[in-house]
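Structural characterization, general
One-letter residues, chain by chain:
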Amino acid sequence: MSAATRTLVSPATLARPRGRAVYWTVFTAVVVLFAVAFLFPVYWMVTGAAKSPDEVAQTPPTLVPKQWHLDGYTDAWDLMQLPTHLWNTVVQATGAWAFQLVFCTAAAYALSKLKPVFGKVILGGILATLMVPAQALVVPKYLTVADLGLLNDPLAIWLPAVANAFNLYLLKRFFDQIPRDVLEAAEIDGAGKLRVLWSVVLPMSRPVLGVVSIFALVAVWQDFLWPLMVFSDTDKQPISVALVQLSQNIQLTVLIAAMVIASIPMVALFLVFQRHIIAGISAGGTKG
């Protein structure tokens, strides 16, 4: 006989009209409060770009623009060379995502299913890097990239992104949950190790691959310090660096509009793949 589920509000209370009214009132108020807390900064940024420079600096600030000036967005697009820098960011993020997905998936599969010699020691060494502050690795990474002649080259972003211990461990934990019987059935049918990975493991791992992809893309898209160090050529800088480098002689409304435009791809990415993100997080905590 299964144990009764314990909840914050008892079923008896919800069965009464007053209890239901109180519950839904509190629930609606909490949802609205969190929605306002998360969406208000976005609204403030979007409307701030549509205000005049004097209205943006006005105290107290206005909640709604007195007059809508949408030319701030067109000025940001042209004056700050957003198409060039957005394209640079897309190239850098896509390459880092592809490298990371290939190599982290291969390493996680090897550690999880192929059981190499000293596999636990290797995994422990990889996880130990999570305890090293990212700032402590900046100088060694820069010296390595400079010695290889990769400055102002997208490879300076792609190659360091491969060494992501968190995503590797996330993939390994998911692969550990795949039943061994499924892999053995494929091997009995004549599939080799790579065939099993490509035809069995990867199709079953779409949720976690989606989560890793989001993490990889967002990490590159929002990174500032590393691209600033390796890209001295302004025409090759990503949007995160360009917004700072080109903001000295730009009006505040134009800068806000540029930040709005720069945030659109990541917001769109989340809205499109939010179902896969939630499925990946849920799958990561479910035993196969």
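Source: prediction; values computed, not measured.

**Some details on helix α8 (residues 155-162)**
- Taken together, the buried positions of α8 are occupied by Ala156, Ile157, Trp158, Ala161 and Val162.
- Close packing links the buried residues of α8 with α5 (82-114), α7 (138-147), α12 (206-222) and α13 (225-230).

**Observations regarding the confidence of the model for the protein chain**
- On average, residues of the protein chain score 84 in pLDDT, and 91% of them reach the 70 mark or higher.
- Confidence drops under a pLDDT of 50 for residues 284-288, and excluding neighbours within four residues, the segment shows six contacts in the predicted structure.

**Remarks on the side chain of lysine 172**
- Of note, lysine 172 is situated in helix α9 (residues 165-176).
- Those residues in contact with lysine 172 that lie beyond four places of it in its chain are Ala108, Leu111, Ser112 and Leu123.

**Re the side chain of threonine 105**
- Tracing the backbone shows threonine 105 in helix α5.
- In terms of polar contacts, threonine 105 uses its side chain to reach the backbone carbonyl oxygen of leucine 101, at 2.5 Å.
- Sequence-distant contacts of threonine 105, that is, excluding residues within four places in its chain, are made with Gln100, Leu171, Phe175, Leu197, Leu202 and Leu209.

**Observations concerning the nonpolar core**
- Core analysis: the biggest nonpolar cluster contains 33 residues, and Met80, Leu82, Ile157, Ile239 and Leu243 have the highest contact counts within it.
- Looking at this core, the elements that each hand over two or more residues are α4 (71-79), α5, α8, α12, α13, α14 (239-245) and α15 (252-284).
- The element contributing the most residues to this core is α15, with nine residues.
- Non-local contacts of isoleucine 239, meaning those with residues more than four positions away in its chain, are made with Leu82, His85, Leu86, Thr89, Trp221 and Ala262.
- By size, the runner-up hydrophobic cluster in this structure holds 22 residues, among which are Ala108, Leu168, Phe174 and Ala186.

**Some thoughts on the packing of aromatic side chains**
- Scanning all chains against the criterion turns up six aromatic pairs.
- Note on phenylalanine 40 and tyrosine 43: the rings are 6.3 Å apart at their centroids and 35 degrees apart in plane angle, and the pair reads as tilted. On the criterion of helical spacing, the pair formed by phenylalanine 40 and tyrosine 43 is a turn pair, its members being three residues apart in helix α2 (residues 17-49).
- Classification of phenylalanine 40 as partly exposed rests on a relative accessible area of 39%.
- Grouped by ring-pair contacts, the aromatic residues Phe40, Tyr43 and Trp44 constitute a single cluster.
- We note lysine 51 situated over the ring of tryptophan 44; from NZ or CZ to the ring centre the distance is 4.4 Å.
- A cation over an aromatic ring shows up here: lysine 141 above the ring of tryptophan 226, its NZ or CZ 4.6 Å from the ring centre.

How each quantity is defined
- Residues numbered from 1 in each chain as written.
- Predicted model: local features only at pLDDT ≥ 70, side-chain atom pairs only at ≥ 80, totals over all residues.
- Heavy atoms only, no water.
- Buried < 20%, exposed > 50% of the residue type's maximum accessible area, 1.4 Å probe, protein only.
- Helix = DSSP H or I, 4+ residues; strand = E, 2+ residues; numbered from the N terminus.
- Contact = heavy atoms within 4.5 Å.
- pLDDT = per-residue confidence, 0-100.
- Polar contact = N/O pair within 3.5 Å; in protein donor to acceptor, adjacent residues only side chain to side chain.
- Core = buried A, V, L, I, M, F, W, Y, C linked by side-chain atoms within 4.5 Å.
- Phe/Tyr/Trp six-rings, centres within 6.5 Å; stacked < 30°, edge-to-face > 60°.
- Lys NZ or Arg CZ within 6 Å of the ring centre and 35° of its normal.

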